[in-house]
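Chain and residue survey
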Amino acid sequence: MSGDSSSERVVIIGSGPAGWTAAIYAARADLEPVCLIGVPRSNPAPVLPGGQLMLTTEVENYPGFPEGISGPDMMQGFQQQAERFGTRVRGVDVTACDFSSRPFTLTTSEGDTVKADSVIIATGATANWIGLDNELRLATSGGGVSACAVCDGALPVFRDQPLAVVGGGDSAMEEASYLAKFGSKVYVIHRRDTLRASKAMQERVLSNDAIEMVWDSQVVDVIGETVIEAVELENTKTGQRSRLDVRGLFVAIGHTPATSFLEGSGVLLDDAGYVVVDGGSSRTNIDGVFAAGDVADSIYRQAITAAGMGCKAALDAERWLSEHAD
Ligand code: NAP
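Residues numbered from 1 in each chain as written. Predicted model: local features only at pLDDT ≥ 70, side-chain atom pairs only at ≥ 80, totals over all residues. Heavy atoms only, no water.

A closer look at the pairing of strand β11 (residues 162-166)
With respect to burial, β11 is a largely interior element, four of its five residues being buried. With five bridges connecting them, β11 and strand β12 (residues 185-189) associate as parallel partners. Looking at the pairing, Leu163 lines up with Val186 of β12. At this point the chain moves from β11, through helix α5 (residues 170-179), to the parallel β12, and the crossover so formed is right-handed. For β11 and strand β17 (residues 248-251), the ladder comprises four bridges, and the chain directions are parallel. Its bridge partner lying in β17, Ala164 is registered against Leu249. (Buried < 20%, exposed > 50% of the residue type's maximum accessible area, 1.4 Å probe, protein only. Helix = DSSP H or I, 4+ residues; strand = E, 2+ residues; numbered from the N terminus. Pairing = 2+ DSSP bridges. Right-handed = clockwise from strand over helix to strand, strands pointing away.)

Put into structure tokens, the structure is as follows:
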């Protein structure tokens, strides 16, 4: 251990279910954790302290909430519980990490550094885009293109308008069901003829009269100057192109782990950029650095699994700190 009195014992980067659960456990173990919760931003994709659940209306599958709970309410509860036990909170991003010597050094978006004896990475994952020029332009200018129906779908501009969702996973199904409350019609554009989404989510969409599936189709252009007017589609089997008039486009094609700040830090990432952890533990390849939640989980990506991983990370960090005490 460093023995450096100015260093924090545990610094948690991220504030989703993994980060807050790690904070609750670390705080209750008297490790006086600091949680660096991130800075909100809206472009190119919405990123909020609290993570993906801040963009989720109703959480119905988290045990202990038989009637369900909204994502933001749930995250507020996580934070309050972590703060109740003494977690200190800072609204900064981490821009760089030096894990070459202990205590570790984290550089923040405010330009200062935080010294840490151990670090828990819990930064989650953010939404992907198709990558079309007009898609990103209209997404950043408020032109009716979004990666988050729950954030933007209720805006007046989308009311009683034809809308489209891209994707065939649970996120796309969730977005389509949500948008069906507002739009005059919701098209789900999927590049194949079968959905990746769970059966329950599929059924909710396929049985909704306000939602129409557009199978075997890719969006190849987004049409509109200041606001979206239509999308150009290409049939993935025939190559045939067609135009679909919509006033909103919601892209729901998966997520990318938030690990760019780890570049050059030596933390081992997999091909998709997720942090690699050792077996069922939260240990990364760097002694004293742990990871939890969606940033280290490309498979389950659920609030409950993230929270469980956060618990493991705090216990792993506590054990590691006690083994490396002076
Ligand atoms: P996902 O399961 O990875 O699905 C992404 C979808 O986008 C796939 O259908 C994929 O098509 C399509 N796609 C990917 N790249 C594309 C591109 N460039 N152009 C067009 N389509 C593209 O992602 P997700 O839906 O965000 O879900 C991620 C995880 O979160 C899953 O484990 C899911 O179960 C979970 N989740 C759960 C809930 C819930 O339970 N309430 C809600 C949301 C998400 P292909 O199918 O052809 O690959």
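A short note on helix α1 (residues 17-28)
In a regular helix each residue adds 1.5 Å, so 12 residues correspond to 16 Å; α1 covers 16 Å between its end C-alpha atoms and thus fits that length. For α1, the tally of buried residues reaches 10 of 12 residues, placing the bulk of the element in the interior. Every buried residue of α1 is accounted for by Pro17, Ala18, Gly19, Trp20, Thr21, Ala22, Ala23, Ile24, Ala26 and Ala27. Looking one or two residues beyond α1, the residue adopting positive phi is Asp30, at roughly 65 degrees. (Expected span 1.5 Å × (residues − 1).)

Digging into the sheet that holds strand β10 (residues 145-146)
The strand order across the open sheet formed by five strands is β10-β17-β11-β12-β13, and the pairing between neighbours is parallel. Edge positions in the sheet fall to β10 and β13 (211-214), since each has one partner strand and no second.

Some details on the packing of α5 against helix α6 (residues 199-206)
Running from amino to carboxyl end, α5 crosses α6 at an angle of 35 degrees, the nearest separation of the two axes being 9 Å. As for the relative orientation of α5 and α6, their crossing is left-handed in sense. On α6, the residues that touch Asp170, Met173, Glu174, Ala176 and Ser177 of α5 are Met201, Gln202, Arg204 and Val205. (Axes fitted to C-alpha atoms, helices over the stretch in contact; angles between N-to-C directions. Left-handed = near helix turned anticlockwise from the far one by under 90°. Contact = heavy atoms within 4.5 Å.)

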